[in-house]
Structure formats: C-alpha cells, structure tokens
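Each chain is listed here by its residues.
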Amino acid sequence: MSLGGLQAAQVATACRSAIRNGTSLNLEQMQTLLDQWQQTRHPRTCPHGRPIYLSLEESDLARFFRRHWVVGKSHGI
Ligand SMILES: [Zn+2]
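Residues numbered from 1 in each chain as written. Predicted model: local features only at pLDDT ≥ 70, side-chain atom pairs only at ≥ 80, totals over all residues. Heavy atoms only, no water.

**Q** Help me understand the coordination of the zinc ion, please; the structure alone is not making it clear to me.
**A** Octahedral six-donor coordination of a metal ideally yields angles of 90 or 180 degrees, compared with 109.5 degrees for tetrahedral four-donor coordination. Coordination of the zinc ion by the protein involves Cys 15 (SG), Cys 46 (SG) and His 48 (ND1), with metal-donor separations of 2.1 to 2.3 Å. Within one chain, the residues serving as donors to the zinc ion are arranged as C-x30-C-x1-H. For Cys 46, a relative accessible area of 15% puts it in the buried group. Among the residues examined, His 48 registers a relative accessible area of 56% and is labelled exposed. (Donors = N, O, S within 2.8 Å, 3.2 Å for Na, K, Ca; no water. Buried < 20%, exposed > 50% of the residue type's maximum accessible area, 1.4 Å probe, protein only.)

**Q** Mind showing me how you'd approach the layout of surface pockets here?
**A** With a probe scaled to a water molecule rolled over the atoms, the places where space remains empty come into view. When its volume is computed, the largest pocket comes out at roughly 1200 Å³. Together, 28 residues line the largest pocket, and Ala 18, Trp 37, Thr 45, Cys 46 and Ile 52 are the ones closest to its centre. In terms of residue class, the lining of the largest pocket is made up of 13 nonpolar, 12 polar and 3 charged. (1 Å grid on protein atoms, 1.4 Å probe; cavity = no way out; pocket = protein on both sides within 12 Å on 5 of 7 lines; lining within 4 Å. Points joined across faces, edges and corners; volume = space filled by probe spheres on them. Nonpolar A, V, L, I, M, F, W, Y, C, P; charged D, E, K, R; others polar.)

**Q** What is the right way to look at the environment of Ser 17 in this model?
**A** Looking at where Ser 17 falls in the secondary structure, it is placed in the loop between helix H1 (3–16) and helix H2 (27–38). Overall, the relative accessible area of 56% leaves Ser 17 in the exposed class. (Helix = DSSP H or I, 4+ residues; strand = E, 2+ residues; numbered from the N terminus.)

**Q** Explain a nonpolar patch on the surface to me, please; I cannot follow it from the model alone.
**A** A cluster of nonpolar side chains, Leu 54, Leu 56, Leu 61, Phe 64, Phe 65 and Trp 69, forms an exposed patch at the surface whose accessible area comes to about 670 Å². The class of Leu 54 is exposed, set by a relative accessible area of 69%. (Patch = residues over 30% accessible without salt bridge, like charges linked within 9 Å, V, L, I, M, F, W, Y side chains within 5 Å. Areas by Shrake-Rupley, 256 points an atom, 1.4 Å probe, with all protein chains shown as cover. Salt bridge = Lys/Arg side-chain N within 4 Å of Asp/Glu carboxyl O.)

**Q** Looking at this structure, I do not really get the packing of aromatic side chains. What am I missing?
**A** Each aromatic ring pair is specified by the distance between its two centres and by the angle formed by the two planes. Here the structure, examined in full by the defined rule, presents 2 aromatic pairs. For the ring pair Trp 37 and Tyr 53, a centre distance of 5.4 Å and an interplane angle of 40° mean the geometry is tilted. Here Trp 37 is found in helix H2, whereas its partner Tyr 53 is found in the loop between H2 and helix H3 (58–64), with 16 residues between them in sequence. Note on Phe 64 and Phe 65: the rings are 4.9 Å apart at their centroids and 90° apart in plane angle, and the pair reads as edge-to-face. (Phe/Tyr/Trp six-rings, centres within 6.5 Å; stacked < 30°, edge-to-face > 60°.)

**Q** What am I meant to see in the environment of Met 1 here?
**A** One can find Met 1 in the segment before H1. The exposure class assigned to Met 1 is exposed, which follows from its relative accessible area of 79%. Residues Met 1 and Asn 21 lie 20 residues apart in sequence; the distance between their C-alpha atoms is 32 Å. The contact partners of Met 1, leaving out residues within four places of it in the chain, are Leu 6 and Ala 9. (Contact = heavy atoms within 4.5 Å.)

As far as function goes, none of this settles anything; it's purely spatial.
Rendered as structure tokens:
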C-alpha cells in the first residue's frame, strides 16, 4: 500500500469509528472526549476536512437569547 493509500485508509477508519451523532455518553465519556479532542493537531475538522467545531462568541449567544449580560454577573441583568 502506498503512503497515500495508507493515509486514506487511516482517515477512513478514523471517521468510520468515530462516535456517531445521537450516541448517548455519560459525563465522564464527554469529558474524556473533550480532553482528547483538545490535544488533537487539527481540532476544527475531521481528517476529511469536514468541520466538527463551531465557535460561538458570547455576543452571538446574547443575540440568540435576546439578552445583554455582563460576564461574571448572574443577577441584575
Ligand atoms: Zn471525515
């Protein structure tokens, strides 16, 4: 198998064995997944280049919930 073929096989295996959408995880499994994900070299995409990460700014959340809040203040909004 060529190096390119080996890499393609590794990519296919990685994505095929990934946790599927809708799979139930307990808290420990979720934390482990996040810890491992943070240590990957390319955390924004799967090996095929498909996005697996969406960054939301606090202002995006505020707009979605139609709220204006200040970080660190849970009351008096
Ligand atoms: Zn993929």
